[in-house]
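# Architecture at a glance
Chain by chain, the residues:
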Amino acid sequence: MTDRRLLLVHAHPDDESIVTGATMAKYAAEGAQVTLVTCTLGEEGEVIPPELAHLAADRDDALGQHRIGELDKACLALGVRDHRFLGGAGRYRDSGMADTPTSENPSCFWQADLEEAALLLAEVVREVRPHVMVSYDANGGYGHPDHIKAHRVAYRAFGMAAERTLPGQPWQTRKLYAIAQPLSVLRARVERAQRDPGPFTAPAGVSDIAIGTPDEQVTTRIDASAHWAAKALALRAHATQVTVDGARFALSNDIAQEIDAVEYFTLLRGPASRPGPDGLETDLFA
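Remember, predicted model here, so these are calculated numbers, not experimental data.

### As for the UniProt feature "binding site: Zn(2+)" (unreviewed entry) in the protein chain
As annotated by UniProt and renumbered to match this structure, "binding site: Zn(2+)" (unreviewed entry) occupies His12, Asp15 and His147. For the annotated residues, spread through 136 residues, the largest C-alpha to C-alpha distance comes to 9.5 Å, consistent with a single compact locus. As for the annotated residues, the ones lining the largest pocket are His12, Asp15 and His147. When its relative accessible area of 8% is taken as the criterion, Asp15 is described as buried.

### A look at the environment of Ala74
Take Ala74: it is sitting in helix 3 (residues 62-78). Judged by relative accessible area, Ala74 falls into the buried class, the value being 0%. As a C-alpha pair, Ala74 and Ser17 span 57 residues in sequence and 7.3 Å in three-dimensional space. With residues up to four places along the chain from it excluded, the contact list for Ala74 reads Glu16, Ser17, Ala234, Ala237 and His238.

### As for unusual backbone geometry
Even without glycine at this site, Asp14 takes up a positive phi of about 105 degrees. Within the secondary structure, Asp14 is located in the loop between strand 1 (5-10) and helix 1 (15-29). Unusually for a residue other than glycine, Asp99 sits at a positive phi of about 60 degrees. Mapped onto the elements, Asp99 comes out in the loop between strand 3 (82-85) and helix 4 (114-128).

### A few points about the nonpolar core
Judged by nonpolar contacts, the single largest core of 65 residues is most densely connected at Leu86, Phe109, Leu121, Met133, Val134 and Leu284. Tallying contributions element by element places helix 4 first for this core, with 8 residues. Apart from the residues within four sequence positions on either side, Phe109 is in contact with Cys39, Thr40, Leu86, Tyr92, Arg93, Ser95, Ala117, Asp146, Lys149, Ala150 and Val153. The next biggest cluster of nonpolar side chains, apart from the first, holds 6 residues, and it includes Ala180, Val218, Val262 and Tyr264.

### A closer look at the layout of surface pockets
If you add up the space inside the largest pocket, you get close to 1000 Å³. In this structure, the largest pocket is lined by 44 residues; those nearest its centre are Asp15, Ile18, Tyr142, His147 and Leu251. Class assignment of the residues belonging to the lining of the largest pocket gives a composition of 16 nonpolar, 15 polar and 13 charged.

### A closer look at the packing of helix 1 against helix 7 (residues 228-237)
The N-to-C vectors of helix 1 and helix 7 enclose an angle of 140 degrees; their axes lie 8 Å apart at closest approach. As far as their axial angle goes, helix 7 and helix 1 are oblique. Handedness of the crossing formed by helix 1 with helix 7: right-handed. Every residue of helix 7 that contacts helix 1 at Ser17, Ile18, Gly21, Ala22 and Ala25 is listed here: Ala230, Lys231, Ala234 and Leu235. When the residues that make up the contact of helix 1 with helix 7 are grouped by side-chain class, the tally is 6 nonpolar, 2 polar and 1 charged.

### Focus on the sheet that holds strand 6 (residues 220-223)
Taken in spatial order, the 7 strands line up as 3-2-1-4-5-10-6 in an open sheet, and their pairing is mixed. In this open sheet, the two strands that pair with only one neighbour each are strand 3 and strand 6. Direction aside, the axes of adjacent strands within the sheet are offset by 25 degrees on average. As paired strands, strand 2 (residues 33-38) and strand 3 are joined by 4 bridges and run parallel to one another. From the neighbouring strand, Val37 faces strand 3, where its bridge partner is Arg84. With respect to the sheet, helix 3 is in contact with strand 2 and strand 3, its orientation differing from that of strand 3 by roughly 155 degrees.

### Regarding the sheet that holds strand 8 (residues 248-250)
Two strands in a sheet stick together by hydrogen bonds in their backbones, pointing the same way (parallel) or opposite ways (antiparallel). A sheet is described by the order of its strands in space; here 3 strands give the open sequence 7-8-9, paired in antiparallel fashion. The open sheet is flanked by strand 7 (243-245) and strand 9 (257-258), the only strands paired with a single partner.

### Some remarks on a nonpolar patch on the surface
Taken together, Met97, Tyr142 and Ile211 make up a surface patch of nonpolar side chains, about 290 Å² in accessible area. In this structure, Tyr142 sits in the loop between strand 4 (132-135) and helix 5 (145-160). With a relative accessible area of 40%, Tyr142 lands in the partly exposed category.

### Quick notes on the packing of helix 3 against helix 7
Between two packed helices, both the angle of their axes relative to each other and the distance between the axes serve to describe the pair. It is the contact of helix 3 with helix 7, at a shortest axis distance of 8 Å, that shows an interaxial angle of 170 degrees. Classed by the angle they form, the pair helix 3 and helix 7 counts as roughly antiparallel. Seen from helix 3, the contacting residues are Glu70, Lys73, Ala74, Ala77 and Leu78; seen from helix 7, they are Ala230, Lys231, Leu233, Ala234 and Ala237. By residue class, the composition of the contact of helix 3 with helix 7 is 7 nonpolar, no polar and 3 charged.

Parameters and conventions
Residues numbered from 1 in each chain as written. Predicted model: local features only at pLDDT ≥ 70, side-chain atom pairs only at ≥ 80, totals over all residues. Heavy atoms only, no water. UniProt positions renumbered as here; feature names shortened; annotations may be inferred. 1 Å grid on protein atoms, 1.4 Å probe; cavity = no way out; pocket = protein on both sides within 12 Å on 5 of 7 lines; lining within 4 Å. Buried < 20%, exposed > 50% of the residue type's maximum accessible area, 1.4 Å probe, protein only. Helix = DSSP H or I, 4+ residues; strand = E, 2+ residues; numbered from the N terminus. Contact = heavy atoms within 4.5 Å. Core = buried A, V, L, I, M, F, W, Y, C linked by side-chain atoms within 4.5 Å. Points joined across faces, edges and corners; volume = space filled by probe spheres on them. Nonpolar A, V, L, I, M, F, W, Y, C, P; charged D, E, K, R; others polar. Axes fitted to C-alpha atoms, helices over the stretch in contact; angles between N-to-C directions. Parallel < 35°, antiparallel > 145°, perpendicular 65-115°, else oblique. Left-handed = near helix turned anticlockwise from the far one by under 90°. Pairing = 2+ DSSP bridges. Patch = residues over 30% accessible without salt bridge, like charges linked within 9 Å, V, L, I, M, F, W, Y side chains within 5 Å. Areas by Shrake-Rupley, 256 points an atom, 1.4 Å probe, with all protein chains shown as cover. Salt bridge = Lys/Arg side-chain N within 4 Å of Asp/Glu carboxyl O.

Take a look at the structure:
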């Protein structure tokens, strides 16, 4: 066992598995305390399996409740024992995509008061006392309003947790990372998926998957290849949102993506560690 504590802030159920699943499984297996905070229930997600389509049509947010169960299974696959919803399950509603009526809903996460949401997260930080926090970059990876808001909330809470305006002793988390998807890595993945998309649609380019991170902005590479199977199993748990076939998966757009257990990050705040041979650090806690 090691005394290392990692806190990840994600927007919806399934995000944790898609972009950080292998990293979470790696550190959990090594004995680190891994805490996941999810900001919404993902009520606006597009349901893929026809036999579950009724969940999206249910006015009582049956989809959100169902996705709680999917997230429980994913966390079990990743070895993550501490999962919370920001402010409690259902406090903030999924905002859907930008410039849609759902993003104007006063109860959605995009419309949430930043200071209020950051205070709720800062209280978790003060309880968990993580050494490292992880969330998204300023554009949320691909521009989703809830991802952008999660970045803003995590960034504010990172500093807020050390302020004496909160009860109890202040806690200064040493590092804050953003999830990164290096453009060179995305291009290589797209080329492989174009050659062999499996049962899915081949991506036309990088923009079909993510905005991408310029390589020079990426600081950290976590090789969790030994935990590929855990990530794949976690993705399968999110059956309403993700279809898995071998080493490929697709979301509701049916675009083929690789299940990759090497994940990347950008250090936003905190001390950098000595880089490895490829110029990237190899441990979030270093």
